[in-house]
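Examination of the molecular architecture
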Amino acid sequence: MNKIWWKESVVYQIYPRSFMDSNGDGIGDIQGIISKLDYLKELGVDVIWLCPVYESPNDDNGYDISNYQTIMDDFGTLADWEALLDGLHGRGMKLIMDLVVNHSSDEHAWFAEAKTSKDNRYRDYYIWRPGQGGREPNDWGSFFSGSAWQYEEQTDEYYLHLFSKKQPDLNWENQDLRQEIYKMMTWWLDKGIDGFRMDVINLISKDQELPSVGDGSSGSYHFGGQYFMNGPRVHEYLQEMNREVLSKYDIMTVGEAIGVTPEDAALYVGEDRNELNMVFHFELMDVDSGPGGKWDVKPWNLADFKRIISKWQTGLHGKGWNSLYLNNHDQPRMLSRFGNDSTYHKQSAKMLGTLLHTLQGTPYIYQGEELGMTNVQFNSILEYKDIETLNMYNEYIAAGHDEQVIMKSIYSKGRDNGRTPMQWNDGPHAGFTTGSPWIAVNPNYTTINAEQALNDPDSIFHYYKKLIRLRKEHNVTVYADYRPLMEDDHHVFAYVRTLGNEQLLVVLNFFETPADFTLEESVQYETKQLLISNYEVADDDDIRQIALRPYEARVYKLHGIH
Ligand code: NOJ
């Protein structure tokens, strides 16, 4: 595998609305981020992924963009953004921007034009169809509940919106639209950014027949993914984008890709494919979803969890590069989901962090993860802000579901779990704002906060700092291959990674009950070196047989014969 900077980097994701407010309006902003650059430098991350900061009516917190080349007033100005870029580059860090081009806002100038008449120049920038028998053109449901189509009276047609009705899908079949997007991307790249995270990029090409999923008899909406995930022209578009834009710069790209398998992913990230560098897949994030989808919460188990990770580690090895993440702004907090956010808060956060930093791929840390921030439980639905959550709640209530059951699923899966303000200190509103925050702070900020973490040498923050440093100091953590150990064990996650005559041995106890690890005979070595652990470990500890404590994590580097 080729060596390159973005494989050796650790990325830190910032959700600007919730990171740091500099002007007391209760909304995080760019000057707020600038005030925390030294904190990020101290952590040691290499790249910042900034969620959308563009002009937006905020139906979906910035993922509905009304102007791709201006900054949202709530967040500041272009001059602020330039200062942020300089501040990062000056500290040796890079910046990747969110590229949201499957859809725009309905308040984008293109859409304002497009809806006025069928022969408007911008009409074809979006996807319009006449109704069918007094109903929508097909039975596709939106990711945010209800139909994926919205009727527009002025021209008596419907437009497609896979997300909210304020997020009309762009029509990539139109060459002028594609050129406008490439021009806009070039404009940002010429400002000196270091790459893009591409929002739902595997949805941009739709089957032009736009077929219904069901036979229409039920009258309900269905997930139409088979007609727009990895659609017929997606690779052609990405290769064109690569040829015309990406290939001209030394940058990194990561595409969010819903429903992809490692085989699909290899087509996006194959090193000879000239498309993207990495994709975010969803298989691990679906590990606790039942047949009814994300809100149909089922308990996850370690067997599935390990199987999915192993499949991706071996599936892409030698072909393309993995991205590694355990949470982001769309997911619950990893610690509440896969760890233990009470008794073993510290231990389990460190254990999960160890997993994140010792697989093959580029790790993505989500803001607050390095502090062990947790899910939140607001008493009333009125405190929730996320459009996906609110639409689901209203739909389920209207359909007669039990309110308590709905709230329970929001507590475990709602996106606002990851969107409460960053916890900087134990002062009012966790030091996030001097005003009134746009979403309430998690009450546990009095004990879980950055100030406390920086002062505690044994904190999750300092452990993450060390993990990030290990990726710099030991190539084996980045480039080595992956082989699972104790595959059938439902308690311990262990693997060995090999590069030349070095091996990395990773042993993780995923639960609070003690567990035994046995190192199989086939793993041979001459000397061992403990790189990191979340408990005290004696130098002469026998690693052929380890009695693991609750959520214990150990990483050894093995030298010599294997
Ligand atoms: C994925 C983004 O991460 C999410 O926050 C957003 O709601 C959808 N795409 C639509 O843009």
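Since the structure is predicted, the reported quantities are computational estimates derived from the model, not experimental observations.

Observations concerning the overall build of the chain
Tallying secondary structure elements over the chain gives 15 helices and 22 strands in all. Rg of the C-alpha trace for the chain: 24 Å, near the compact-globule value of 24 Å for 562 residues, within the 12% margin. With the C-alpha coordinates of the chain rotated into their principal frame, the extents come out at 75 × 50 × 50 Å. Residues classed as buried in the chain amount to 60% of the 562 residues present.

Let's talk about the pattern of salt bridges
Overall, the coordinates contain 38 salt bridges when judged by the stated rule. The salt bridge involving Asp38 is made with Arg91; its shortest N-O contact spans 2.8 Å. Residue Asp38 is found in helix H2 (residues 37-43), and its partner Arg91 is found in the loop between helix H3 (78-90) and strand S5 (94-99); the two are separated by 53 residues along the sequence. The closest approach of N and O atoms between Glu552 and Arg554, which form a salt bridge, is 2.7 Å. Accessibility assignment for this pair places Glu552 and Arg554 in one class, buried. Via salt bridges that share partners, Asp60, Lys294, Asp330, Asp386, Glu388, Arg415 and Arg419 belong to a single interconnected network.

Some thoughts on the packing of helix H10 (residues 345-357) against helix H14 (residues 460-473)
At their nearest, the axes of H10 and H14 sit 10 Å apart, and the two run at 15° to each other. Between H10 and H14, the crossing angle belongs to the class labelled roughly parallel. You can see that H10 and H14 cross each other, and the crossing is right-handed. Contacts from His345, Lys346, Ala349, Lys350, Gly353, Thr354 and His357 of H10 reach H14 at Ile460, Tyr463, Tyr464, Leu467, Ile468 and Arg471. Tallied by class, residues from the contact of H10 with H14 come to six nonpolar, four polar and three charged.

Remarks on the site of the ligand
Near the ligand there are 13 residues, and of these Asp60, Asp199, His329, Asp330 and Arg415 occur at the shortest range. Between the ligand and Asp60, the relevant distance is 2.5 Å, taken from an oxygen atom to a side-chain nitrogen or oxygen of the residue. For the ligand, an oxygen atom lies 3.0 Å from a polar atom in the side chain of Arg197. Compared with its free state, where it exposes 300 Å², the ligand has 97% of that area covered by protein. If you map the ligand onto the pockets, it falls in the largest pocket. Across the shell around the ligand, the residue classes break down as four nonpolar, two polar and seven charged.

Observations concerning the UniProt feature "domain: Glycosyl hydrolase family 13 catalytic" (unreviewed entry) in the chain
Taking the numbering used here, the UniProt-annotated feature "domain: Glycosyl hydrolase family 13 catalytic" (unreviewed entry) corresponds to residues 13-419. Along residues 13-419, the helical share is 30% and the strand share 14%, with 12 Å between the first and last C-alpha atoms.

Examining the nonpolar core
Tyr12, Trp81, Met185 and Phe305 are the most contacted members of the largest nonpolar core, which has 170 residues in total. Those residues in contact with Trp81, other than ones at most four positions away along the chain, are Ile30, Leu50, Val53, Ile71, Leu95, Met97, Trp188, Lys191 and Ile193. Core analysis: the next-biggest nonpolar cluster, separate from the first, contains 17 residues, Ala494, Ala515, Phe517 and Leu519 among them.

What about the packing of aromatic side chains?
In total, this model carries 41 aromatic pairs according to the counting rule given. Residues Phe280 and Tyr364 carry aromatic rings whose centres are separated by 4.8 Å and whose planes lie at 75° to one another, so their mutual orientation is edge-to-face. Of this pair, Phe280 sits in strand S11 (residues 278-280) while Tyr364 sits in strand S15 (residues 362-366), and the two are 84 residues apart along the sequence. Note on accessibility: Phe280 and Tyr364 belong to one class, buried. Judged by centre distance (6.2 Å) and plane angle (75°), the rings of Trp300 and Phe510 are edge-to-face. Residue Trp300 is located in the loop between strand S13 (293-297) and helix H8 (302-316), and its partner Phe510 is located in the loop between strand S18 (502-509) and strand S19 (515-518); the two are separated by 210 residues in the primary sequence. Taken together, the ring pairs in this structure connect Trp300, Phe305, Phe338, Tyr482, Phe493, Tyr495, Phe510 and Phe511 into an aromatic cluster. In this structure, Lys36 is placed above the aromatic ring of Trp424, and the distance from its NZ or CZ to the ring centre is 4.1 Å. Note that Arg123 overlies the ring of Trp128, its terminal NZ or CZ placed 3.6 Å from the centroid.

Details of the sheet that holds S11
Strand order in the open sheet made by the eight strands is S11-S10-S9-S5-S2-S1-S15-S14, with parallel pairing throughout. The sheet is open, and its two borders are formed by S11 and strand S14 (323-324), each paired with just one other strand. Direction of pairing for S5 relative to strand S9 (residues 195-198): parallel, over a ladder of three bridges. Paired with Asp98 across the strands is Arg197, a residue of S9. Sheet contacts for H3: strand S2 (47-50) and S5; angle to S5, the most-contacted strand, approximately 140°.

Some thoughts on unusual backbone geometry
One non-glycine residue, His429, lies in positive phi territory at about 50°. Positionally, His429 belongs in the loop between helix H12 (403-413) and helix H13 (450-455). For His429, a relative accessible area of 31% puts it in the partly exposed group. Of note in the backbone geometry, Met486 takes a positive phi value of approximately 45° without being a glycine. In this structure, Met486 sits in the loop between strand S16 (483-485) and strand S17 (492-499).

Focus on H14
Here H14 spans 20 Å end to end across 14 residues, near enough to the 20 Å set by a 1.5 Å rise per residue. All buried positions along H14 are accounted for by Ile460, Phe461, His462, Tyr463, Tyr464, Leu467, Ile468, Leu470 and Arg471.

Considering the layout of surface pockets
Space inside the largest pocket adds up to approximately 1100 Å³. Taken together, 41 residues make up the lining of the largest pocket; nearest its centre are Phe143, Phe144, Phe223, Lys294 and Glu388. When residues of the lining of the largest pocket are traced back to their parent elements, those giving at least two are S13 and helix H11 (387-398). If you tally residues by element for the lining of the largest pocket, the top one is H11, at four residues. Looking at the lining of the largest pocket residue by residue, the class counts come to 16 nonpolar, 13 polar and 12 charged. Of the volumes computed, that of the second largest pocket is approximately 400 Å³. Lining the second largest pocket are 20 residues; nearest its centre among them are Trp6, Asn242, Asn274, Leu276 and Asn277. Here the lining of the second largest pocket is built from residues that sort into eight nonpolar, eight polar and four charged.

Basis of the calculations
Residue numbers here run from 1 along each chain, matching the order of that chain's written sequence. Owing to the predicted nature of the model, reporting of local features is limited to residues with pLDDT of at least 70; listing and counting of side-chain atom pairs is limited to 80 or more, with chain, interface and lining totals taken over all residues. Side-chain measures were taken over the full set of non-hydrogen atoms in the model, leaving aside hydrogen atoms and water. Put simply, DSSP H or I for four residues or longer makes a helix, DSSP E for two residues or longer makes a strand, and each gets a number counted from the N terminus. Just to be clear, the radius of gyration here is over C-alpha atoms, and the globule rule we use is 2.2 Å times residues to the power 0.38. Think of it in three bands: with a 1.4 Å probe and only protein chains considered, a residue is buried below 20% of the maximum accessible area for its type, exposed above 50%, and partly exposed in between. The salt bridge definition used is simple: a Lys or Arg side-chain nitrogen within 4 Å of an Asp or Glu carboxyl oxygen. Geometry is summarised by axes, namely lines fitted to C-alpha atoms with helices restricted to the contacting stretch, and by angles between N-to-C directions that run from 0 to 180 degrees. Each angle gets one of four labels, with under 35 degrees taken as roughly parallel, over 145 as roughly antiparallel, 65 to 115 as roughly perpendicular, and the rest as oblique. Each crossing gets its handedness from the near helix: less than a right angle anticlockwise from the far helix is left-handed, clockwise is right-handed. Throughout, a residue-residue contact means that at least one pair of heavy atoms, one from each residue, lies within 4.5 Å. When residues are sorted by character, Ala, Val, Leu, Ile, Met, Phe, Trp, Tyr, Cys and Pro go into the nonpolar class, Asp, Glu, Lys and Arg into the charged class, and all the rest, Gly among them, into the polar class. To be near a molecule or strand, a residue needs just one of its heavy atoms within 4 Å of it. N or O atoms closer than or at 3.5 Å make up a polar contact, with two conditions inside protein: a donor-capable atom paired with an acceptor-capable one, and, for residues adjacent in sequence, both atoms drawn from side chains. In this description, accessible areas are obtained by the Shrake-Rupley approach with a 1.4 Å probe, and a residue is regarded as covered only by the protein chains that are shown. For cavity detection a 1 Å grid was placed over the protein atoms alone, and a set of points counts as a cavity when a 1.4 Å probe fits there but cannot get out; an open set counts as a pocket when protein lies on both sides within 12 Å along at least five of seven lines, with lining residues being those that have an atom within 4 Å of a point. The rule for placing a molecule in a cavity or pocket is simple: more than half of its atoms must lie within 2 Å of the grid points. UniProt positions are given in the numbering used here, feature names are shortened, and annotations may be inferred rather than shown by experiment. Think of a nonpolar core as a cluster: buried Ala, Val, Leu, Ile, Met, Phe, Trp, Tyr and Cys residues, connected wherever their side-chain atoms sit within 4.5 Å. What counts as a ring pair is set by centres within 6.5 Å for rings of Phe, Tyr and Trp (its six-membered ring), and what kind of pair is set by the plane angle: stacked under 30 degrees, edge-to-face over 60, tilted for all other angles. Note on geometry: a ring has a charge over it if NZ (lysine) or CZ (arginine) is within 6 Å of the ring centre and within 35 degrees of the ring normal. Only strands joined by at least two bridges in the DSSP assignment are considered to pair. Helix span is expected to be 1.5 Å times the residue number reduced by one. Grid points are joined across faces, edges and corners, and a volume is the space filled by probe spheres set on the points.

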